[in-house]
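Structural overview for review
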Amino acid sequence: MRSYIPNAITLLNVLCGCIAAVFAVLNQLELAAFFVFLGIIFDFFDGLAARVLKVQSALGVQLDSLADMITSGLVPGIVMFQLIGMSMAGGWNIEVPTTSVDDSFWAALKMSPLPFIGFVITLASAYRLAKFNIDENQTSSFIGLPTPANALLILSLPLILMYQESAVLSALILNQWFLIALTFVSAFLLNSKIRLFALKFKNWTFKDNALRYLFIIISFVLLVTIKFLAVPCIIVFYIGSSLITSLSTKTIE
């Protein structure tokens, strides 16, 4: 019976991803972000439950990737599609999010296929997840940016627009060329050869987990001080600290 518990948690991730996708299509990006975040929490706890209950299985691994494909692959692609489309249509009224896309948005789509570039994120996520399932070298660390981290990066953009109230940030995020560039950077990071540390604790000693504790503390401080803008900063810190650690390890060796 206990072997079903992790898979049930994973299916909750699938459900969250489906709901998030619906809200993303309806341009309710705040709600889409909420359900993606909720799905990522379930994604964390399904693996934890499997390890604690000692019921890891090949089925669980495959199901987990399928869930991630929806929550952390499909939804970010739809959100980027929406953001690029809105940037071409003259911006987004962040004060009153609408339940449907307005006429100017569809007019922009008829003129250009650029918004569909957002789905490069979905394609890159699918490729990364497929590679992850057959790669035996990503047990204690990741090679390339994990899809949940990338999803948080993309979903943070509409939240920054809504809550940071900065003309500079709004102009940047609603610049179609910035969004297109970010899409390809995102796809590159997902499938890069960069080795990134995983937040998996084999023990709780500070000596063995100094970087992980430092990452958690800095992330908390950033979230409290700069709110949703903290998410891109945390991703940059995550990649940068992993690169520094990797280089220093090679130097010692």
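Quick caveat, the model's predicted, so the values are computed rather than measured.

Criteria and thresholds
Residues numbered from 1 in each chain as written. Predicted model: local features only at pLDDT ≥ 70, side-chain atom pairs only at ≥ 80, totals over all residues. Heavy atoms only, no water. Helix = DSSP H or I, 4+ residues; strand = E, 2+ residues; numbered from the N terminus. Buried < 20%, exposed > 50% of the residue type's maximum accessible area, 1.4 Å probe, protein only. Contact = heavy atoms within 4.5 Å. Areas by Shrake-Rupley, 256 points an atom, 1.4 Å probe, with all protein chains shown as cover. Phe/Tyr/Trp six-rings, centres within 6.5 Å; stacked < 30°, edge-to-face > 60°. Axes fitted to C-alpha atoms, helices over the stretch in contact; angles between N-to-C directions. Parallel < 35°, antiparallel > 145°, perpendicular 65-115°, else oblique. Left-handed = near helix turned anticlockwise from the far one by under 90°. Nonpolar A, V, L, I, M, F, W, Y, C, P; charged D, E, K, R; others polar.

Attention now goes to the overall build of the protein chain. Of the regular secondary structure elements, the protein chain holds ten helices and two strands. Start at the N end of the protein chain and walk to the C end: the helices and strands fall as α-α-α-α-α-β-α-α-α-β-α-α. Within the protein chain, the fraction of its 253 residues that count as buried is 46%. Partitioning the contacts of the protein chain with sequence separation of at least 6, the portion at a separation of at least 24 is 76%. Counting every atom, the protein chain has about 13,500 Å² of accessible surface; 72% of that belongs to carbon and sulfur.

Moving on to the packing of aromatic side chains. Taken as a whole, this structure holds eleven aromatic pairs when the rule is applied. Ring geometry for Phe 132 and Phe 142: centres 6.3 Å apart, planes at 35°, overall tilted. Taken together, the residues Phe 132 in helix H5 (residues 120-134) and Phe 142 in strand S1 (residues 141-143) connect sequence positions ten residues apart. Classification of Phe 132 by relative accessible area gives partly exposed; the value is 26%. Relative to Tyr 238, the ring of Phe 215 lies with its centre 5.5 Å away and its plane at 50°, an arrangement referred to as tilted. One end of the pair, Phe 215, is in helix H9 (residues 206-226); the other, Tyr 238, is in helix H10 (residues 230-252), with 23 residues separating them in the sequence. Each of the two residues, Phe 215 as well as Tyr 238, counts as buried.

Now for the packing of helix H1 (residues 4-25) against helix H3 (residues 58-88). Running from amino to carboxyl end, H1 crosses H3 at an angle of 15°, the nearest separation of the two axes being 9 Å. Judged on the interaxial angle alone, H3 and H1 are roughly parallel. Considering the relative orientation of H1 and H3, their crossing is left-handed. Split into classes, the residues belonging to the contact of H1 with H3 amount to 15 nonpolar, seven polar and two charged.

Let us look at the packing of helix H6 (residues 147-163) against helix H8 (residues 176-190). H8 packs onto H6 with a crossing angle of 170° between their chain directions and a minimal axis gap of 10 Å. Classified by the angle their axes make, H6 and H8 are roughly antiparallel. Here H6 contributes Thr 147, Asn 150, Leu 153, Ile 154 and Leu 157 to the contact with H8, which in turn contributes Leu 179, Leu 182, Ser 186 and Leu 190.

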